[in-house]
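# Residue-level structure breakdown
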Amino acid sequence: MTDHPGHQDSPDAASTGTAAHPSDDAEAQAFRELLRGLRVWDVALPSFDPATAPATPLPLFRQWLREAAEAGVPEPHTMTLATADAAGDPSVRTLMLHDADERGWHFASHRGSRKGRELAVRPRAALGFYWPAVGRQVRVSGPVTVADPEESAADLHRRSTGALAAALVGRQSEVLGSVDELARASEAAWEHARREPEAPVPSWTLYVLRAEEVEFFQGDAQRRHVRLNYRYADGRWERELLWP
């Protein structure tokens, strides 16, 4: 969270102190110019007084997600999920938050997917939320537990027909032979989901991340970002401010 650029300066080489590499081709140089010219937070950002924050992170997280939705952030419940394999090599992907309650932050997947396999050997994860319209980020990390089959099934069947159809296709993260193969499997899964809306998908698994650390980041156009970090220790939450 410390590396967000805030408002970027003009992309000319004199102001940035950088020059084109002689060996660069036109495409590479155009890409660099694109990156330097991008703007962020060209809107009025909300203020955040950490002194008013609640004693625990869950109410603040719920408030920030609601405010992101009200500010027009598309899909504010999407998040990045970072896991690691047995060797410690990380992987990351974007998926949806299913719930956040006193137990933790909920998400779901197939047990045989890459994230499912990695969580089986290293049951810890980190989540990242970013809501650019309000210049806010939230980072959550901690151990992950697996919900029982009944709760996992209930989670799936609360979702849309399309979500059930996608789950019925299965084989997530396996090598796909062709897009035609996917189309045939998807069509059959949609028919199955419409015909049997309570169809079981045994591999569908609900995961719950029990937070040990939750950081709230409020961006500032002058780069005086506010970072409030919650840490769970000795049975209670402790709060601390971090330098941006």
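Right above here is the structure, for reference.
## Remarks on the layout of surface pockets
In this structure, the largest pocket spans a volume of roughly 280 Å³. Around the largest pocket, the lining comprises 14 residues; the ones closest to its centre are Ala108, Ser109, Arg159, Gln172 and Trp204. Looking at the lining of the largest pocket, the elements with two or more residues in it are β2 (90–96), β4 (104–110) and α6 (161–169). Its residues assigned to classes, the lining of the largest pocket comprises 7 nonpolar, 5 polar and 2 charged.

## A short note on a nonpolar patch on the surface
A contiguous nonpolar patch, built from Phe31, Leu34, Leu35 and Leu38 and spanning about 390 Å² of accessible area, is present on the exposed surface. Mapped onto the fold, Leu38 is located in the loop between α2 (26–37) and α3 (57–70). For Leu38, a relative accessible area of 43% puts it in the partly exposed group.

## Considerations on the environment of Glu181
Within the secondary structure, Glu181 is located in helix α7 (residues 179–195). According to the relative accessible area criterion, Glu181 is partly exposed, its value standing at 27%. Residues in contact with Glu181, not counting those within four places in the same chain, are Arg171 and Leu176.

## As for the pattern of salt bridges
Taken as a whole and judged by the stated rule, the model has 13 salt bridges. A salt bridge links Glu174 to Arg171; the shortest N-O distance between them is 3.0 Å. The shortest N-O distance in the salt bridge between Glu215 and Arg227 comes to 2.6 Å. Here the residue Glu215 occupies a position in strand β8 (residues 213–218), and Arg227 occupies one in strand β9 (residues 226–233), the gap between them amounting to 12 residues. Side by side, Glu215 and Arg227 carry an identical accessibility label, which is buried. Counted as one network, the salt bridges with shared partners bring together Arg139, Glu213, Glu215 and Arg227.

Reading guide: rules and limits
- Residues numbered from 1 in each chain as written.
- Predicted model: local features only at pLDDT ≥ 70, side-chain atom pairs only at ≥ 80, totals over all residues.
- Heavy atoms only, no water.
- 1 Å grid on protein atoms, 1.4 Å probe; cavity = no way out; pocket = protein on both sides within 12 Å on 5 of 7 lines; lining within 4 Å.
- Points joined across faces, edges and corners; volume = space filled by probe spheres on them.
- Helix = DSSP H or I, 4+ residues; strand = E, 2+ residues; numbered from the N terminus.
- Nonpolar A, V, L, I, M, F, W, Y, C, P; charged D, E, K, R; others polar.
- Patch = residues over 30% accessible without salt bridge, like charges linked within 9 Å, V, L, I, M, F, W, Y side chains within 5 Å.
- Areas by Shrake-Rupley, 256 points an atom, 1.4 Å probe, with all protein chains shown as cover.
- Salt bridge = Lys/Arg side-chain N within 4 Å of Asp/Glu carboxyl O.
- Buried < 20%, exposed > 50% of the residue type's maximum accessible area, 1.4 Å probe, protein only.
- Contact = heavy atoms within 4.5 Å.

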